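# A structural walkthrough
Here are the chains, one letter per residue:
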Amino acid sequence: MTVDTQQKGDERVHWLPMIAAISSISVVGIAIGLGMPLLSVILETRGHSASMIGLNTAVAGLASIAGAPLATPLAMRLGVAWTMLLMIAVGALAFVGFHFAPDFWMWFPLRVALHISLTVLFILSEFWISTSAPPHRRGLVLGIYATVLSLGFAAGPWLFAHLGSSGFLPFGVTIALVTLAAIPVIAARNESPTIVADGETSHFLRYVWMVPTATFAVLVFGAVETGGFSLFPVYGSRIGYSEADAALLLTMIGLGNVLLQIPIGMISDRVSDRRHLLLACATVGLAGTAFMPLFAQNWHLMAALLFVWGGVVAAMYTIGLAHLGSQLSGHELASANAAFVLCYGVGMVIGPQAIGIGMDAFGPSGFGWSLALFFAAYMLLVCVRLVRKIL
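Along each chain, residues carry numbers from 1 onward, in the same order as the chain's sequence is written. With pLDDT at 70 or above as the cut-off, local features in this predicted model cover only qualifying residues; side-chain atom pairs require 80 or more to be listed or tallied, and sums for whole chains, interfaces and linings still use all residues. Each side-chain value is worked out from all heavy atoms of the structure, with water and hydrogens disregarded.

## Observations concerning the overall build of the protein chain
- Secondary structure summary: the protein chain contains 14 helices and 0 strands in total.
- By definition, any uninterrupted DSSP run of H or I lasting at least four residues is a helix, any uninterrupted run of E lasting at least two residues is a strand, and each is numbered from the N terminus. The order of α-helices and β-strands along the protein chain, N terminus first, is α-α-α-α-α-α-α-α-α-α-α-α-α-α.
- Radius of gyration here uses only the C-alpha atoms, and the compact-globule reference equals 2.2 Å multiplied by the residue count raised to the power 0.38. Computed over its C-alpha atoms, the radius of gyration of the protein chain comes to 20 Å, within 12% of the 21 Å expected for a compact globule of 391 residues.
- Principal axes of the C-alpha set define a box for the protein chain whose edges measure 60 × 60 × 35 Å.
- Considering the protein chain as a whole, with its 391 residues, one finds that 53% of them fall into the buried category.
- Per-residue and other accessible areas follow the Shrake-Rupley method at a 1.4 Å probe size, with only the shown protein chains counted as cover for residues. In the form shown here, the protein chain has an accessible surface area of approximately 16600 Å², with 70% of it arising from carbon and sulfur atoms. Relative accessibility thresholds used throughout: buried, under 20% of the residue-type maximum; exposed, over 50%; partly exposed, between the two (1.4 Å probe, protein chains only).

## Overview of the pattern of salt bridges
- Throughout this description, the term salt bridge denotes a Lys or Arg side-chain nitrogen within 4 Å of a carboxyl oxygen of Asp or Glu. Counted under the stated rule, the structure contains 3 salt bridges.
- Between E332 and R206 there is a salt bridge, and its shortest N-O distance comes to 3.8 Å. With E332 in helix α13 (residues 330–362) and R206 in helix α8 (residues 206–210), this residue pair connects regions lying 126 residues apart in the sequence.
- Of the residues examined, R206 reaches a relative accessible area of 29% and is grouped as partly exposed.

## Quick look at the packing of helix α1 (residues 15–45) against helix α7 (residues 169–187)
- Two elements in contact, α1 and α7, have axes separated by 8 Å at closest approach and are oriented at 165°. By the angle between their axes, α1 is roughly antiparallel relative to α7. In the packing of α1 onto α7, the handedness of the crossing is left-handed. For the pair α1 and α7, the contacting residues are L16, I19, A20, S23, S24, V27, I30, L34, L38, L39 and I42 in the first and P170, F171, T174, L177, V178, A181, P184, V185 and A187 in the second. Geometry is summarised by axes, namely lines fitted to C-alpha atoms with helices restricted to the contacting stretch, and by angles between N-to-C directions that run from 0 to 180 degrees. Any angle from 65 to 115 degrees is called roughly perpendicular, while one under 35 is roughly parallel, one over 145 is roughly antiparallel, and all others are oblique. Here a crossing is called left-handed whenever its near helix is offset anticlockwise from the far helix by less than a right angle, and right-handed whenever the offset is clockwise. Only heavy atoms matter for contacts: two residues are in contact if any of them lie within 4.5 Å across the pair.

## Regarding helix α6 (residues 138–163)
- In this model, α6 (26 residues) spans 37 Å end to end at C-alpha, consistent with the 38 Å of a helix rising 1.5 Å per residue.
- Following α6 by one or two positions, G164 adopts a phi angle in the positive range, close to 75°. One less than the number of residues in a helix, times 1.5 Å, gives the span that helix is expected to have.

Below, the structure written as structure tokens:
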């Protein structure tokens, strides 16, 4: 592995590349937040069944998993900034292609192109952020990144609500935002990190096991976030909440996600071993699921619980990414970021299935028990790693 020498010992925050990387990642959030409901509504208005819409949407997850191994080789060949710009262009063209594609089958290759480009953009943005942040500020910087990403996810549905699904307008607005986000990437292209291989040929999947406390943290977060968000309305209705009250509780989770990432990231910068903080986050996650049934009859207590729970659980992603950056660098960090995003995708696949099965088997209480199982398994993993370090 070869590490760019200017990054060694450099304690400054490189703000221009930081802005470039964060602006590009905000595009990921906006594109997903706007694109998912927009494309589903368009397909529905064209008369396609829910199962066919679901099938086309599921292709996105498979494309993300397939795209993860491509990030490092492309960045090594083209450079990080130019690969990101290429992915922005491919994603923009694929997204606008949905508007002009008359046949349903065309949406499948377009969905693949869109989500491969978003996945590569995701990986390289995180890599660029990690390499631009000095070790003592990495948690703060990644907290800012997570906050901006969360705001991007929130901005997508807000834009959709105001723009609607008819005509070219929602597509045109998205293309305009993507174009604006490319400007700082172009400006910072000369400060993008260099990835140089040292002859290693090991598959990137080995990094899943090299820093398991980071990669399994994001797997748990992906499972809990996707499964919890998708099935919480069902859980809420089964314990007596109206659709509106359940939606507001989901908003509280998202609000905690936005507001708590920066302070928790700053705390992580003061912790010598971030695995202890990851263990604490998982413990809060487990405790929160235990208190949900107790607080269910009081909406305000439930809202306060979910605000804290949502922010702390989301910090598993932020702190896991910071821990990854503290353990690896250069080519290894780029490959590990790919493994990190892949684990998030795996969590997105298994989370809804596990929680759905739990609710079918045990009723509403299966929602919390399924979530608790993910947290408990992760806590066991971290405890084993910490004990091995002591021994």
